[in-house]
Amino acid sequence: MADTSVDVVEGCRLPVLRKNQENEDEWPLAEILSVKDIPGKKLYYVHYIDFNKRLDEWVTPERLDLKKLQFPKKEAKTPTKNGLSGSRPSSPEREVVRPARPEVHPPSTLPAITPAPAHQTTQTQPQRKSLEITVQTPAAPSRGKTLPTPKRKTESVSSLTSQPSPATPVSTESPQTYSSARETFTPKTNSREEHEPLTTNGTTRRLIPSQPGRKRKANCGVTDEDSQDSTDGIPSAPRMTGSLVSDRSHDDIVTRMKNIDCIELGRHRLKPWYFSPYPQELTALPILYLCEFCLKYLKSLKCLQRHLTKCNLRHPPGNEIYRKGTISFFEIDGRKNKTYSQNLCLLAKCFLDHKTLYYDTDPFLFYVMTEYDSKGFHIVGYFSKEKESTEDYNVACILTLPPYQRRGYGKLLIEFSYELSKVEGKTGTPEKPLSDLGLLSYRSYWSQTILEILMDLKSENGERPQITINEISEITSVKKEDVISTLQYLNLINYYKGQYILTLSEDIVEGHERAMQKRHLRIDPKCLHFTPKDWSKRGKW
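What counts, and where the lines are drawn
- Residues numbered from 1 in each chain as written.
- Predicted model: local features only at pLDDT ≥ 70, side-chain atom pairs only at ≥ 80, totals over all residues.
- Heavy atoms only, no water.
- Helix = DSSP H or I, 4+ residues; strand = E, 2+ residues; numbered from the N terminus.
- Buried < 20%, exposed > 50% of the residue type's maximum accessible area, 1.4 Å probe, protein only.
- Contact = heavy atoms within 4.5 Å.
- Areas by Shrake-Rupley, 256 points an atom, 1.4 Å probe, with all protein chains shown as cover.
- Core = buried A, V, L, I, M, F, W, Y, C linked by side-chain atoms within 4.5 Å.
- pLDDT = per-residue confidence, 0-100.
- Axes fitted to C-alpha atoms, helices over the stretch in contact; angles between N-to-C directions.
- Parallel < 35°, antiparallel > 145°, perpendicular 65-115°, else oblique.
- Left-handed = near helix turned anticlockwise from the far one by under 90°.
- Nonpolar A, V, L, I, M, F, W, Y, C, P; charged D, E, K, R; others polar.
- Phe/Tyr/Trp six-rings, centres within 6.5 Å; stacked < 30°, edge-to-face > 60°.
- Lys NZ or Arg CZ within 6 Å of the ring centre and 35° of its normal.
- Salt bridge = Lys/Arg side-chain N within 4 Å of Asp/Glu carboxyl O.
- Pairing = 2+ DSSP bridges.
- Polar contact = N/O pair within 3.5 Å; in protein donor to acceptor, adjacent residues only side chain to side chain.

Participant: What should I look at first to understand the overall build of the protein chain in this one?
Facilitator: The number of helices and strands found in the protein chain is 12 helices and 21 strands. Every one of the 541 residues in the protein chain was classed for burial, and the buried ones make up 50%. In the protein chain, the share of contacts with a sequence separation of at least 24, taken over all contacts with a separation of at least 6, comes to 68%. Surface summary for the protein chain: the accessible area is close to 26,000 Å², and the carbon and sulfur share equals 51%.

Put into structure tokens, the structure is as follows:
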């Protein structure tokens, strides 16, 4: 459908032909991010609007529908509240009104696998089981008769979670639901958040934020990856603590485009999802080779073979703190093993959209999960955490490499992070906001963990078993706000005769039992050999 007489430039929007999950043709609206000339034809790098960035790709002119071409609007930058410029004028991303969207996205051509949002799955009230659990709120006795207050909170969260979100191939409704719930139950905010610029924090044109003190990474595995295409309001101010720095650095055209075609890691070849700041001379190679033990990057297979004859590592550097069967966990200090940690961050950035810390790894610990065979310990995934977290974060980034996804390893990483929190005697929570895949994994883990406890409760003297939110939090090391949001997500909380009760429906009980039968990988606390350190003493750094 391409017309050679029309000049398609960066910032244009138009329908582009692609195959959906059922291998059917569809024409979603896409934005042209870059154009390059190769002998004989042009190629266009497109981002599909309202789709995850991991689907971005180079397309040929034949896949463009120029009949519905939208040129970028040339408008002056509109100042924001803090006086900084708004979105780029060359992109109509937040400016184009989309009346023609139904023509570009007819309902029959939308991806058929869009997961239903959480609030839709709990609208219908299934038949209730007789198991009812009274929830005691520990704060209630100290304030007298204040039961209606939590009720209002519950209603406000319910109303927030009922707001619809645009459909995407990877659901982003749930992160919005979780964010709303978290805001309701988190009265304290970081004072630095309220004064930070909404559009930039110093990393708009740089790979490493130029913040005072230390260089940071944005969203190590936990942000809304589709937020750059959201048109439903201004995002919250970025937070400048931990490893999450929610900024607009992905608005930079360079960082919005994948720069690595393929990575060979051991016996696997990986197709990166996002930009990663490997040295520019390596980005033009058809394959980037990594040593699977030290993660050093090399430009050719011959270089890799030569490196393997000299590389003595057969497992990640650091201490092995857990082993059961073929699964091991290694604790790696970002200061003591700086090169490995930096290489791990570069690899992780290929699959995490908003991660921006690659070089200053000193304030972080990395927990790498491996699978053992006769050749050594092969990396499966990892999570990182701050040595000192003022906000009880027990995970900064978390990633399961694509060859090992959908096999239970992600939940195993999450479970291990909470086992560490139990040993430390703390409750923990992942850094927010969570990404689409991150939220799905955490929601599933929280739901299964909490339901396990509720179903094991025994009634005394024929009365309903009783448990408090704080008790659930102490048993699981899951932060109280996450417990509350999960109970609301499962639609378990009911207000009955002046008190809260949890009512487990038959569907929830049966679904939980089926899920637990499939969950074969579990952490055995007896196999964990871990002694927490007091990182407030700088001598331990």
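Picking up where we left off.
Participant: Could you clarify how one ought to interpret the nonpolar core in this entry?
Facilitator: General note: in soluble globular proteins, nonpolar side chains tend to be found buried as a group. Core analysis: the biggest nonpolar cluster contains 76 residues, and F329, L347, Y382, F416, L454 and L492 have the highest contact counts within it. Top element by residues in this core is helix α9 (residues 436-456). It accounts for 8 residues. Here L347 is in contact with I263, L265, Y278, L290, L295 and L401, once residues within four sequence places are set aside. L14, F51, V59 and L66 belong to the second largest nonpolar core, which has 14 residues in total.

Participant: Explain the confidence of the model for the protein chain to me, please; I cannot follow it from the model alone.
Facilitator: Regions with low pLDDT should not have their predicted coordinates read in detail. For the protein chain, the mean per-residue pLDDT works out to 74, and 65% of the residues sit at or above 70. Note on residues 83-130: pLDDT under 50 across the span, and 103 contacts to partners over four residues away in sequence or across chains. Overall, residues 138-250 carries pLDDT values under 50, and its contacts beyond four positions in sequence, including any with other chains, amount to 258 contacts.

Participant: Any chance you could explain the packing of α9 against helix α10 (residues 469-476) here in plain terms?
Facilitator: Helix packing for two helices is described by the angle between their axes and how far apart those axes are. Taken N-terminus to C-terminus, the directions of α9 and α10 make an angle of 115°; their axes are 11 Å apart at the nearest point. It follows from the interaxial angle that α9 and α10 lie roughly perpendicular. The handedness of the crossing between α9 and α10 comes out as right-handed. Only I472, I475 and T476 of α10 make contact with α9, whose side of the interface consists of T449, I450, I453 and L454. Looking at side-chain class alone, the contact of α9 with α10 contains 5 nonpolar, 2 polar and no charged residues.

Participant: In this structure, what is going on with the packing of helix α8 (residues 409-424) against α9? I would like to understand it.
Facilitator: Contact pair α8 / α9: the axes reach a minimum separation of 10 Å and the direction vectors enclose 60°. With respect to α9, the element α8 is oriented oblique. Classified by chirality, the crossing of α9 by α8 is right-handed. Seen from α8, the contacting residues are K411, I414, E415, S417 and Y418; seen from α9, they are S441, Y442, S444, Y445, W446 and Q448. Taken together, the residues of the contact of α8 with α9 break down into 5 nonpolar, 4 polar and 2 charged.

Participant: What exactly am I supposed to notice about the packing of aromatic side chains here?
Facilitator: Each aromatic ring pair is summarised here by two numbers: the centre-to-centre distance and the angle between the ring planes. Tallied over the full model, the rule gives 18 aromatic pairs. Between Y322 and F416, the ring centres sit 5.8 Å apart and the planes meet at 75°, which makes this aromatic pair edge-to-face. Taken together, the residues Y322 in strand β12 (residues 319-324) and F416 in helix α8 connect sequence positions 94 residues apart. Here a set of aromatic residues connected by ring pairs shows up, and it is made of Y322, F329, Y367, F383 and F416. Its end group placed over the ring of Y48, R18 keeps NZ or CZ at 5.3 Å from the ring centre. For R54, the ring lying beneath its charged end belongs to W273, and the centroid distance is 4.6 Å.

Participant: For this particular structure, what's the right way to read the pattern of salt bridges?
Facilitator: Between side chains of opposite charge, pairing is possible as soon as their charged atoms come close. In the structure shown here, the tally under the stated rule is 19 salt bridges. Between E26 and R18 there is a salt bridge, and its shortest N-O distance comes to 2.6 Å. Judged on exposure class, the residue E26 and its partner R18 are both buried. Linked by salt bridges that have partners in common, E415, E452, R519 and R522 make up one network.

Participant: Got a minute to help me understand the sheet that holds strand β6 (residues 57-59) in this structure?
Facilitator: In sheet architecture, strand pairing relies on hydrogen bonds along the backbone and comes in two forms, parallel and antiparallel. Strand order in the open sheet formed by 4 strands is β1-β4-β5-β6, with antiparallel pairing between adjacent strands. Strands with a single pairing partner mark the edges of an open sheet, and in this sheet they are β1 (13-15) and β6. In this sheet, neighbouring strand axes are inclined to one another by 50° on average, regardless of whether the strands run parallel or antiparallel. As paired strands, strand β5 (residues 41-48) and β6 are joined by 3 bridges and run antiparallel to one another. Paired with Y45 across the strands is W58, a residue of β6.

Participant: Got a minute to help me understand unusual backbone geometry in this structure?
Facilitator: Glycine aside, negative phi is the norm for most residues, and most peptide bonds take the trans geometry. At L295, a residue that is not glycine, the phi angle is positive and equals roughly 65°. Following the sequence through the fold, L295 ends up in the loop between β10 (288-290) and β11 (297-298). Given a relative accessible area of 0%, L295 falls into the buried group. The residue S477 is not glycine, and still its phi comes out positive at about 65°. Here S477 lies in the loop between α10 and α11 (480-489). The buried category is assigned to S477, whose relative accessible area is 4%.

Participant: Looking at this structure, how should I read the environment of E415?
Facilitator: With respect to the helices and strands, the residue E415 is situated in helix α8. Separated by 34 residues in sequence, E415 and T449 place their C-alpha atoms 9.3 Å apart. If sequence neighbours within four positions are ignored, E415 has contacts with Y445, R519, L521, R522 and I523. Looking at E415, its side chain comes within polar contact range of the side chain of R519, at 3.3 Å.

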